[in-house]
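# Fold and contact review
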Amino acid sequence: MLHIFPDPSSIADYVSNTLVERIRSKPDVVLGLATGATMEPVYSRFVEKVRQQRVDVSRLTSFNLDEYVGLSGDHPKSYSSYMRQHLFEHLPFDRSRLHLPDGLAPDLDAHSHEYSIKVERCGGIELQLLGVGSNGHIGFNEPGTPFDSRCHVVRLSERTRRDNSRFFEGNAVVPEFAITMGMVEIMQAREILLVATGESKAHIVAEWYRREVTEMVPFTVLKRHPRAKIILDEAAASQLPEQVQRTLMAVPA
Ligand code: F6R
């Protein structure tokens with residue numbers, strides 16, 4: 001389930017090829033999408049490939065993992081803006097099929113519940129993209145989140161807020177709360193591709209490798225998923241035992 005690629009660019013190729021294949025074989029596929037710096041090269045390569053290969057993206061449905069509470073979809077730091085900027089504006093999607101949680105919903109708990117039901121009504125996620133936080137979070141399921149959690153409102157950990165402050169320049173403050181798909185919706189995806197790149201993820205990747213499945217390192221739950229791939233570049237894999245690094249680099253994903 002672990003795969004090591006030389007660099008983020010080769011990962012972008014691999015992941016975008018997988019996306020294109022899935023959309024070609026099932027144009028109304030339901031995708032689970034992530035934001036964050038890790039996904040930027042992936043979306044940019046995906047846009048290029050869709051254009052070159054004239055792939056029809058108009059029938060696919062997508063559900064994003066998360067959104068900050070208190071930011072409108074138009075706020076430049078919202079995940080809604082991120083998705084428009086990196087993906088949605090560049091291809092002829094059917095906008096009515098692209099879903100993100102609403103960080104300004106008047107009743108956030110009710111909205112989280114509805115979001116979860118919406119995913120279920122669409123038949124669940126077929127292919128879920130994930131990044132991972134430096135503390136092992138997936139979506140915004142922070143360490144300690146029960147594995148039976150569904151879409152919910154979360155108070156972001158200090159570590160996550162510190163990590164994400166790089167996207168909030170000036171005096172802007174990283175919101176304290178977010179809505180995130182839960183571990184249940186994520187684990188119900190039929191296939192999962194988690195991408196981790198860069199040295200800043202090497203420590204948590206090594207932790208994933210060493211540890212049993214534990215709620216304290218949320219992405220260890222993927223060890224229980226029958227079709228999850230952990231896709232690393234060499235920097236993110238650099239704290240794995242050397243023998244493991246050598247073996248995995250030799251095996252094409
Ligand atoms: C974003 C998300 C988060 C990020 C994670 C890594 O939608 O769900 O789990 O994937 O925080 O972020 P980057 O890629 O910025 O290191």
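Overview of the structure. In this text, all values refer to a predicted model and were calculated from it rather than measured experimentally.

In this section: the pairing of strand 7 (residues 152-155). The two faces of strand 7 differ: His152 and Val154 on one face are buried, but Val153 and Arg155 on the other face are not. Pairing between strand 7 and strand 8 (residues 177-180): 4 bridges, direction antiparallel. Bridge pairing links Val154 to Ala178 in strand 8.

The next point concerns the sheet that holds strand 8. Taking strand neighbours across the sheet as the criterion, the 3 strands line up as 4-8-7 in an open arrangement whose pairing is antiparallel. Edge positions in the open sheet fall to strand 4 (66-68) and strand 7, since each of these has one partner strand only. Each strand axis lies, on average, 25° off the axis of its neighbour in the sheet, ignoring direction. In this sheet, strand 8 lies alongside strand 4 in antiparallel orientation, the contact comprising 3 bridges. Each bridged residue has a counterpart across the sheet, and for Asp66 the counterpart in strand 8 is Thr180. Across the sheet, helix 4 (residues 108-121) touches strand 7 and strand 8, and the angle it forms with strand 7 is around 125°.

Within the secondary structure layout, Val57 lies in the loop between helix 2 (39-52) and strand 3 (61-64). In this structure Val57 comes out as buried when scored by relative accessible area, which is 1%. In this structure the C-alpha to C-alpha distance between Val57 and Ala228, which are 171 residues apart in sequence, comes to 24 Å. Beyond its immediate chain neighbours, meaning those up to four positions away, Val57 contacts Phe46, Val50, Leu91, Pro92 and Phe93.

How each quantity is defined
Residues numbered from 1 in each chain as written. Predicted model: local features only at pLDDT ≥ 70, side-chain atom pairs only at ≥ 80, totals over all residues. Heavy atoms only, no water. Buried < 20%, exposed > 50% of the residue type's maximum accessible area, 1.4 Å probe, protein only. Helix = DSSP H or I, 4+ residues; strand = E, 2+ residues; numbered from the N terminus. Pairing = 2+ DSSP bridges. Axes fitted to C-alpha atoms, helices over the stretch in contact; angles between N-to-C directions. Contact = heavy atoms within 4.5 Å.

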